[in-house]
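Residue-level structure breakdown
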Amino acid sequence: MPSNQTDARAKSAVALAAIATITLLAGCAAAGTAGSSSAGSAGSSASAPVKVGLVYSRSGLLAAYGAQYEQGFKAGLDYATHGTGKAGGHTIELTEQDDAGDPAKAVADAKGLIGKGYKILAGTTDSGVALQMAPLAAQNQVLYIDGAAASDGITGINKYTFRSGRQSYQDILTAAAMLGDAKGKKVTVVAQDTAFGQANVAAVKAVLGAKGASVGSVLAPPSATDLTPFAQQVKSAKPSLVFVAWAGATAPALWTAMNQQGVLDSTKVVTGMAGTASYPVFGAGGSKLSFLAHYFPGAGGGNAVETAMIKGITKAGGTPDLFSPDGFTAAQMIVHAIESGSATDTSAMVKSLEGWSFNGVKGAEQVRAQDHALLQPMFEAQLTGSGATAKPKLLKSLPMSAVAPPLKKMAG
């Protein structure tokens with residue numbers, strides 16, 4: 001599974017995050033002039049529709065994640081609007097754009113939407129895309145709610161950008177709760193050589209290095225399909241702990257190589273629990289791994305919101321999965337921004353979301369006012385069974401306060 005993007009991390013641990021994202025930053029110029037218009041401006045009548053642009057990976061390496069996000073969003077919109085499709089008396093008009101995991105395409109699509117008067121954008125599943133969308137939102141003063149992209153760099157990037165999913169720091173803090181004393185241990189981070197992978201290396205070094213661990217890394221090119229040489233490097237390093245941060249379609253090749261090279265039998269390996277399609281990938285080795293989990297169906301304990309999401313997605317013919325809550329939460333946030341803020345004034349939308357506490361799919365959640373981090377529960381899990389019968393078992397739910405990332409100063 002490909003990868004995510006920038007920034008630093010975490011607290012204490014070794015773990016991974018299977019999440020959405022890929023590459024670099026392209027240029028980002030202003031386009032359109034949406035946002036921050038007053039409630040009395042044109043198109044702000046009580047019944048005028050609110051246009052929302054959903055930019056996500058419908059195709060490309062993260063298409064499976066994009067589908068989960070989109071299905072969750074539509075279920076969340078139905079839930080938050082009580083089936084009316086309206087917020088504050090305004091019909092929500094949704095336009096979907098496929099970023100295909102390409103930052104330049106996403107920016108071009110977003111500029112087109114902004115030029116047509118869209119003041120609310122949501123998505124994406126890719127950190128490289130999100131890190132380009134966020135500055136565009138600030139330049140044009142539109143509300144942007146990031147999706148499953150996990151880069152820590154998105155938190156606090158500007159006042160117009162929020163996130164509806166978890167960030168990598170929360171993954172590592174979850175892993176920290178799963179691990180013992182790191183002092184004197186040798187840790188190897190296995191990731192793709194992208195901003196997401198590099199950020200995970202930096203995070204683990206910042207956390208475990210400060211606790212006395214020696215942290216090294218094995219980074220593979222995102223395009224690599226033969227991952228045996230990289231698994232051999234891990235085995236040769238003889239680490240006491242392996243932290244795997246991997247996302248995308250090459251995950252099966254990675255775990256096959258890790259198992260064949262004896263890594264899973266020679267040391268403790270901590271990784272993130274990816275989507276349901278990934279469970280069989282681990283084979284018999286799945287029971288040897290320690291998993292941190294962003295989400296899997298049932299992780300929320302069957303609370304009312306989780307139940308509504310699962311029913312909504314299933315009814316529409318979809319399948320609840322890893323990033324379904326990210327889309328669902330984005331829809332909750334947008335409806336709240338319109339109803340408690342404004343349908344036209346971006347500044348009012350921003351203000352309404354800052355500090356907002358709500359019941360989400362995962363449990364009690366809160367938008368941190370100072371940097372727009374989304375505080376949320378995280379989970380510890382294990383896989384039971386193997387192959388087609390593999391399924392996750394919840395071991396522990398960590399409240400949002402236990403995995404809150406460090407506070408960041410808002411950049412702008």
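Reference entry: report on the structure contained in this document. Please read these numbers as outputs of a predicted model, since none were measured by experiment.

**Let's talk about the overall build of the protein**
Per the secondary structure count, the protein includes 11 helices and 16 strands. Counting across all 412 residues of the protein, residues that qualify as buried make up 57%. For the protein, long-range pairs separated by at least 24 residues make up 72% of all intrachain contacts whose partners lie at least 6 apart in sequence.

**Digging into helix α9 (residues 304–315)**
With 12 residues, α9 should cover 16 Å at 1.5 Å per step; its first-to-last C-alpha distance of 16 Å lies within 8% of that length. Residues of α9 that are buried include every one of Val 305, Glu 306, Met 309 and Ile 313, and no others. Relative to the axis of α9, the buried residues are bounded by an arc of 100 degrees and lie together on one face. More than 90 degrees from the buried face of α9, the exposed residues found are Ala 304, Lys 311 and Lys 315. At its buried positions, α9 is contacted by α1 (63–80), α10 (324–340) and β12 (357–360). In this structure Asn 303 caps α9, since a side-chain oxygen of it lies 2.9 Å from the backbone nitrogen of Val 305. Gly 317 occupies a position one or two residues after α9 and carries a positive phi of about 90 degrees.

**Let's talk about the sheet that holds strand β3 (residues 90–98)**
The strands making up a sheet are joined through hydrogen bonds of the backbone, oriented either antiparallel or parallel. Ordered in space as β2-β3-β1-β4-β5-β6, the 6 strands form an open sheet in which the pairing is mixed. Every other strand in the sheet has two partners, leaving β2 (86–87) and β6 (161–163) as the edge strands with one partner each. With 7 bridges joining them, strand β1 (residues 50–56) and β3 adopt parallel strand pairing. What sits directly across from Val 55, in β3, is Gln 97.

**Topic: the packing of helix α2 (residues 103–115) against helix α3 (residues 127–140)**
Here α2 crosses α3 at 30 degrees, and the two axes come no closer than 9 Å. With respect to α3, the element α2 is oriented roughly parallel. In this structure, α2 meets α3 at a crossing whose hand is right-handed. Here Pro 103, Ala 106, Val 107, Ala 110, Lys 111 and Ile 114 of α2 come into contact with α3, specifically with Gly 128, Val 129, Gln 132, Met 133, Leu 136 and Asn 140. By residue class, the composition of the contact of α2 with α3 is 8 nonpolar, 3 polar and 1 charged.

**Topic: the pattern of salt bridges**
Going through the model one piece at a time under the given rule, you end up with 8 salt bridges. Linking Lys 74 and Glu 96 is a salt bridge whose minimum nitrogen-to-oxygen distance equals 3.0 Å. Of this pair, Lys 74 sits in helix α1 while Glu 96 sits in strand β3, placing them 22 residues apart in sequence. According to the relative accessible area criterion, Lys 74 is partly exposed, its value standing at 41%. The partner of Asp 109 in a salt bridge is Lys 105, and the shortest N-O contact between them spans 3.1 Å.

**Digging into the nonpolar core**
Within the largest apolar cluster, 50 residues are counted, with the highest numbers of intra-cluster contacts made by Phe 73, Leu 121 and Leu 143. Going through the elements one at a time, β1, α1, α2, β4 (120–122), α3, β5 (143–146), α10 and α11 (346–353) are the ones with two or more residues in this core. Sequence-distant contacts of Phe 73, defined by excluding residues within four places in its chain, comprise Val 52, Leu 54, Leu 94, Ala 122, Gly 327, Phe 328, Ala 330, Ala 331 and Ile 334. Counting residues in each nonpolar core, the second largest holds 38 residues, with Leu 227, Met 273, Val 361 and Ala 381 among its members.

**Topic: the environment of Lys 111**
Relative to the helices and strands, Lys 111 is located in helix α2. It is 9.2 Å that separates the C-alpha atoms of Lys 111 and Asn 140, two residues lying 29 residues apart in sequence.

**Concerning the side chain of Arg 368**
Looking at where Arg 368 falls in the secondary structure, it is placed in the loop between β13 (363–367) and β14 (374–375). Look at Arg 368 and you get buried, because its relative accessible area is 11%. A distance of 3.2 Å separates a polar atom in the side chain of Arg 368 from the backbone oxygen of Pro 406.

**Some thoughts on the sheet that holds strand β11 (residues 290–293)**
The strand order β8-β7-β9-β10-β11-β15-β16 describes an open sheet built from 7 strands, whose pairing is mixed. Edge positions in the sheet fall to β8 (214–220) and β16 (391–398), since each has one partner strand and no second. Averaged over all pairs of adjacent strands, the angle between strand axes in this sheet comes to 25 degrees, irrespective of strand direction. Here 3 bridges tie strand β10 (residues 268–272) to β11, and the two strands are oriented parallel to one another. Residue Val 270 lies in a different strand from β11, and its bridge partner there is Ser 290.

The rules we used
Residues numbered from 1 in each chain as written. Predicted model: local features only at pLDDT ≥ 70, side-chain atom pairs only at ≥ 80, totals over all residues. Heavy atoms only, no water. Helix = DSSP H or I, 4+ residues; strand = E, 2+ residues; numbered from the N terminus. Buried < 20%, exposed > 50% of the residue type's maximum accessible area, 1.4 Å probe, protein only. Contact = heavy atoms within 4.5 Å. Expected span 1.5 Å × (residues − 1). Arc of directions from axis to C-beta. Polar contact = N/O pair within 3.5 Å; in protein donor to acceptor, adjacent residues only side chain to side chain. Pairing = 2+ DSSP bridges. Axes fitted to C-alpha atoms, helices over the stretch in contact; angles between N-to-C directions. Parallel < 35°, antiparallel > 145°, perpendicular 65-115°, else oblique. Left-handed = near helix turned anticlockwise from the far one by under 90°. Nonpolar A, V, L, I, M, F, W, Y, C, P; charged D, E, K, R; others polar. Salt bridge = Lys/Arg side-chain N within 4 Å of Asp/Glu carboxyl O. Core = buried A, V, L, I, M, F, W, Y, C linked by side-chain atoms within 4.5 Å.

So yeah, pure geometry; function would need other evidence.
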